[in-house]
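One letter stands for each residue in the lines below.
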Amino acid sequence: MFKSTKWVVAAMASITLWNCGTSTDSSTSEQTTASSTASLVKAPAFNGDSAYKYIDNQVKFGPRVPNSSAHVKCGDYLVAELKRLGCTVTEQKFTATHYDGSKLNARNIIGSINPQATKRILLASHWDSRPVADEDPTNKKGAIDGANDGASGVGVLIELARVIQQAAQKPSVGVDIMFFDVEDGGNAEVAKDKFTGFCLGSQYWAANKHVPNYTAYYGVLLDMVGAKGATFPKEAFSNQYAGEITRNIWNIAGQLGYSAYFIQEDGAAITDDHLPVNETAKIPMVDIIHLQMNNPTKTFFDAWHTHTDDMRNIDPTTLKAVGQTLVQVLYQEQ
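Novice: In this structure, what is going on with the nonpolar core? I would like to understand it.
Specialist: Soluble globular proteins tend to pack their nonpolar side chains together in the buried interior. In this structure, Phe 179 and Phe 262 are the most contacted members of the largest nonpolar core, which totals 58 residues. For this core, the leading source of residues is helix H3 (residues 147-166), giving nine residues. For Phe 179, the residues in contact, after removing those within four places along its chain, are Leu 78, Leu 82, Arg 107, Asn 108, Ile 109, Ser 125, Trp 127, Val 154, Leu 157 and Ile 158. In this structure, Ala 206, Tyr 214, Val 277 and Met 285 belong to the second largest nonpolar core, which totals 14 residues.

Below is the structure:
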């Protein structure tokens, strides 16, 4: 995500908004106690070390920038891994138009678990990486590894698929794992559209769903979910479009002992891949995204959009907190 390059600054009552690379300081803090709404059912264990390995596998291809060989090879790997884990895989290939007019070869990758189930949950992350290190203090040229910004969410979701598919008892709902492409190449200072050139893959999918008339009960987006000591306040658009779902996820995280990560405070409004899903596809979607609290100079993690967004940023303990929470959320569904 990029501070003035990726997201649109939006106006909402009592909230200063930023885009997915910009910060949004909330003027109010929701001091809601993580109340127990239901007993937690038995759910399989999520492996943070395994998720770490999936992230490392992506980073080893090099920056996953559209029209590059690394992008093609990593996309092929993600498709093969989802198939190996028993998912029904759909590749949604399309040509995206960059804000500068260039054409980008892109593909959204969807892995479905229990595809016959009527009640479905959509879990998503973007899998491309930013083509320019515009926030790097010394070298702003060249693409970044995007270990946290992109690969971390994908790694969590692949591990989640592995856990579910190998579990003796699976959740009763269907699960669609969505890897959105061409999310991270925008420029808010140049691009003139609402999304400032970001979120091209999710915009395409929302207008051209991979299954006609597809819908889901709700969705969860993961963005930058692997850094040590990450904090996930309740992102403002998530509260606006999917408030009850947001509260449920944060309460479950608290019951699991992860309240240091899923903090009970309102956070910034971030223009991210959940917006096209909420606004165009009309599926309520929550954004679990790392936002720094009480830091007026940093919205996201310190290495965001720099050449240091590499595996040094990734902490299996954080991955465990996010992944276990998502697994529990799915198993709570009936």
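Read on, since the account is not over.
Novice: In this structure, what is going on with unusual backbone geometry? I would like to understand it.
Specialist: Glycine aside, the phi torsion of most residues is negative, and most peptide linkages are trans. Phi is positive for Met 224, close to 60 degrees, though the residue is something other than glycine. Of note, Met 224 is situated in the loop between strand S8 (218-223) and helix H5 (236-255). Assessed through its relative accessible area of 0%, Met 224 is described here as buried. Of note, Asn 294 is a non-glycine position whose phi angle comes to about 60 degrees, a positive value. Mapped onto the secondary structure, Asn 294 falls in the loop between strand S10 (285-289) and helix H7 (316-332). In this structure Asn 294 comes out as exposed when scored by relative accessible area, which is 77%.

Novice: Help me understand the pattern of salt bridges, please; the structure alone is not making it clear to me.
Specialist: Proximity of charged atoms lets side chains of opposite charge pair with each other. Tallied over the full model, the rule gives 10 salt bridges. Arg 107 is the salt-bridge partner of Glu 91, the closest N and O atoms lying 2.6 Å from each other. On the criterion of sequence distance, the pair formed by Glu 91 in strand S4 (residues 88-97) and Arg 107 in strand S5 (residues 103-113) is long-range, its members being 16 residues apart. Notably, a salt bridge pairs Glu 159 with Arg 162, separated by 2.7 Å at the nearest N-O pair.

Novice: I would appreciate a short explanation of the pairing of S10 in the present structure.
Specialist: It is a general feature of regular strands that their side chains alternate between the two faces of the sheet. Counting buried positions over the five residues of S10 gives five, a clear majority of the element. Burial along S10 is two-sided: Met 285, Asp 287 and Ile 289 facing one way and Val 286 and Ile 288 facing the other are all buried. As defined by bridge partners, S8 adjoins S10 across five bridges and the pair is classed as parallel. By the bridge assignment for S10, Val 220 is matched with Val 286.

Novice: Is there a simple way to explain the packing of aromatic side chains in this structure?
Specialist: Given two aromatic rings, one states the distance between the centres and the angle between the planes to describe the pair. Under the counting rule described, the total for this entry stands at eight aromatic pairs. Geometrically, the ring pair formed by Phe 61 and Tyr 77 is tilted, given 5.7 Å between the ring centres and 45 degrees between the ring planes. Pair noted here: Phe 61 is in the loop between helix H1 (48-59) and helix H2 (69-84) and Tyr 77 is in helix H2, with a separation of 16 residues, a long-range link. Owing to a relative accessible area of 30%, Phe 61 belongs among the partly exposed residues under this scheme. Their ring planes at 75 degrees and their centres at 5.8 Å tell us that Trp 205 and Tyr 214 sit as a pair that is edge-to-face. Accessibility assignment for this pair places Trp 205 and Tyr 214 in one class, buried. Here the aromatic residues Phe 180, Trp 205 and Tyr 214 are joined through ring pairs into a cluster of three or more.

Rules behind the numbers
Residues numbered from 1 in each chain as written. Predicted model: local features only at pLDDT ≥ 70, side-chain atom pairs only at ≥ 80, totals over all residues. Heavy atoms only, no water. Core = buried A, V, L, I, M, F, W, Y, C linked by side-chain atoms within 4.5 Å. Buried < 20%, exposed > 50% of the residue type's maximum accessible area, 1.4 Å probe, protein only. Helix = DSSP H or I, 4+ residues; strand = E, 2+ residues; numbered from the N terminus. Contact = heavy atoms within 4.5 Å. Salt bridge = Lys/Arg side-chain N within 4 Å of Asp/Glu carboxyl O. Pairing = 2+ DSSP bridges. Phe/Tyr/Trp six-rings, centres within 6.5 Å; stacked < 30°, edge-to-face > 60°.

Functional significance is not addressed by these values, which are geometric in nature.
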